[in-house]
Amino acid sequence: MIQSNNYELGTKVGIDVAEHFGDKEIKIGLLSGNQGNALGVDRRMGVMKGILETQLGKSNKTSVQVLTQGWGNWNQEGGLSAAEDMLMAAPSINCIVAENDDMALGALKAVQAAKRSDIVIVGADGQKEMYRLIKEGGQILATGRNDPKECATLTLETVLKWYGGESISRTIYLDPVSVSKKNVDKYYDPNASF
């Protein structure tokens, strides 16, 4: 099986979140897909690990709270609705961690409508719309890269190795990457289909 390592993707995004906030307390609104989904759990737990380890490594303490959680059903409309509710329930949030890019894009609409330019948003999947917004330098801070082209290439390479007699692992992971302002030019292709 060839797939993204969602926990490590989350960890990389969490590092970017911690570096963005520095010494400032991070107050998270967690935007999840649906209850019990293992992919979402891996992504959010990875984000928390990245934040905590980065903060501990820098100052021997942590300064992060999850103030609220909303359920966005993995789509923009759900992300918009859940983010609107989170902004009402926890108005002091300064970071929305979305478990995928569609919900992050919905959350962006909610924070812009509320005129909350103080909130940054992160996601996962690496949609080109997220890359464009990262490049423009707005409120989208980062997204975990989940590249279908890389997955197809790695699948083909793995099949060729297997036919060549090489031993192949049962699970092969794509390289986990958080795409942010520092590396978006390497990954953004405005003509990509995804």
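Before reading on, note that the structure itself is shown above.
Procedures and definitions
- Residues numbered from 1 in each chain as written.
- Predicted model: local features only at pLDDT ≥ 70, side-chain atom pairs only at ≥ 80, totals over all residues.
- Heavy atoms only, no water.
- Helix = DSSP H or I, 4+ residues; strand = E, 2+ residues; numbered from the N terminus.
- Rg over C-alpha atoms; globule rule 2.2 N^0.38 Å.
- Buried < 20%, exposed > 50% of the residue type's maximum accessible area, 1.4 Å probe, protein only.
- Contact = heavy atoms within 4.5 Å.
- Areas by Shrake-Rupley, 256 points an atom, 1.4 Å probe, with all protein chains shown as cover.
- Lys, Arg positive; Asp, Glu negative; His and termini not counted.
- Charge placed at Lys NZ, Arg CZ, Asp CG, Glu CD.
- Pairing = 2+ DSSP bridges.
- Right-handed = clockwise from strand over helix to strand, strands pointing away.
- Salt bridge = Lys/Arg side-chain N within 4 Å of Asp/Glu carboxyl O.
- Expected span 1.5 Å × (residues − 1).
- Polar contact = N/O pair within 3.5 Å; in protein donor to acceptor, adjacent residues only side chain to side chain.

Peer 1: Which residues make up the overall build of the protein chain, and what values do they have?
Peer 2: Of the regular secondary structure elements, the protein chain holds seven helices and eight strands. For 194 residues, the compact-globule estimate of 2.2 N^0.38 gives 16 Å, and the protein chain sits close to it at 17 Å. Principal-axis analysis of the C-alpha atoms places the extent of the protein chain at approximately 60 × 40 × 35 Å. When the 194 residues of the protein chain are sorted by exposure, 45% land in the buried category. Restricting the contact set of the protein chain to residue pairs at least 6 apart, pairs at least 24 apart contribute 73%. On the protein chain, roughly 10000 Å² of surface is accessible, and the fraction owed to carbon and sulfur atoms is 51%. Once the 21 positive and 24 negative side-chain charges of the protein chain are each reduced to a mean point, those two points are 3 Å apart.

Peer 1: Give me the lowdown on the pairing of strand β3 (residues 64–71), citing residues and values where you can.
Peer 2: Both strand β2 (residues 26–32) and β3 contribute to a ladder of seven bridges, which runs parallel. Each residue of the ladder has a partner; that of Ser32, found in β3, is Trp71. Traced from β2 through helix α2 (residues 38–59) to β3, the parallel crossover comes out right-handed.

Peer 1: Help me get a handle on unusual backbone geometry, residues and values and all.
Peer 2: Of note, the phi angle at Asn60 is positive, near 65°, even though the residue is not glycine. Its location among the elements puts Asn60 in the loop between α2 and β3.

Peer 1: Please provide a residue-by-residue account of the pattern of salt bridges, values included.
Peer 2: Tallied over the entire structure, the rule returns nine salt bridges. With its nearest N and O atoms 2.8 Å apart, the salt bridge here joins Asp16 to Lys182. Within this pair, whereas Asp16 is found in helix α1 (residues 6–21), its partner Lys182 is found in the loop between β8 (178–180) and α7 (184–187), the two being separated by 166 residues in sequence. Its relative accessible area of 8% is what places Asp16 among the buried residues. Arg44 is the partner of Glu99 in a salt bridge, and the nearest nitrogen-oxygen pair spans 2.5 Å. Taken together, the residues Glu99 in the loop between β4 (95–98) and α4 (101–113) and Arg44 in helix α2 connect sequence positions 55 residues apart. Residue Arg44 is classed as buried on the basis of its relative accessible area, which comes to 15%. Residues participating in the shared-partner salt-bridge network are Asp16, Glu19 and Lys182.

Peer 1: Explain α1 to me, using residue names and the numbers behind them.
Peer 2: Structural remark: α-helix, 3.6 residues per turn; residues separated by three or four positions point the same way. If you check α1, its first and last C-alpha atoms are 23 Å apart, about what 16 residues at 1.5 Å a residue would give, namely 22 Å. Buried within α1 are the following residues: Asn6, Leu9, Gly10, Thr11, Val13, Gly14, Asp16, Val17, Ala18 and Phe21. Along its buried surface, α1 packs onto β2, α2, β4, β5 (120–125), β6 (140–145) and β8. Trailing α1 by a residue or two, Gly22 shows a phi angle of about 60°, which is positive.

Peer 1: Break down α4 for me, citing the residues and quoting the values.
Peer 2: An ideal rise of 1.5 Å per residue puts 18 Å on 13 residues; α4 measures up with 18 Å between its terminal C-alpha atoms. Those residues of α4 not exposed but buried are Asp101, Met103, Ala104, Leu105, Gly106, Ala107, Leu108, Ala110 and Val111. Those residues of α4 that are buried lie in contact with β2, α3 (76–89), β4, β5, α5 (128–136) and β6. One side-chain oxygen at the N-terminal end of α4 lies 3.0 Å from the backbone nitrogen of Met103; it belongs to Asn100.

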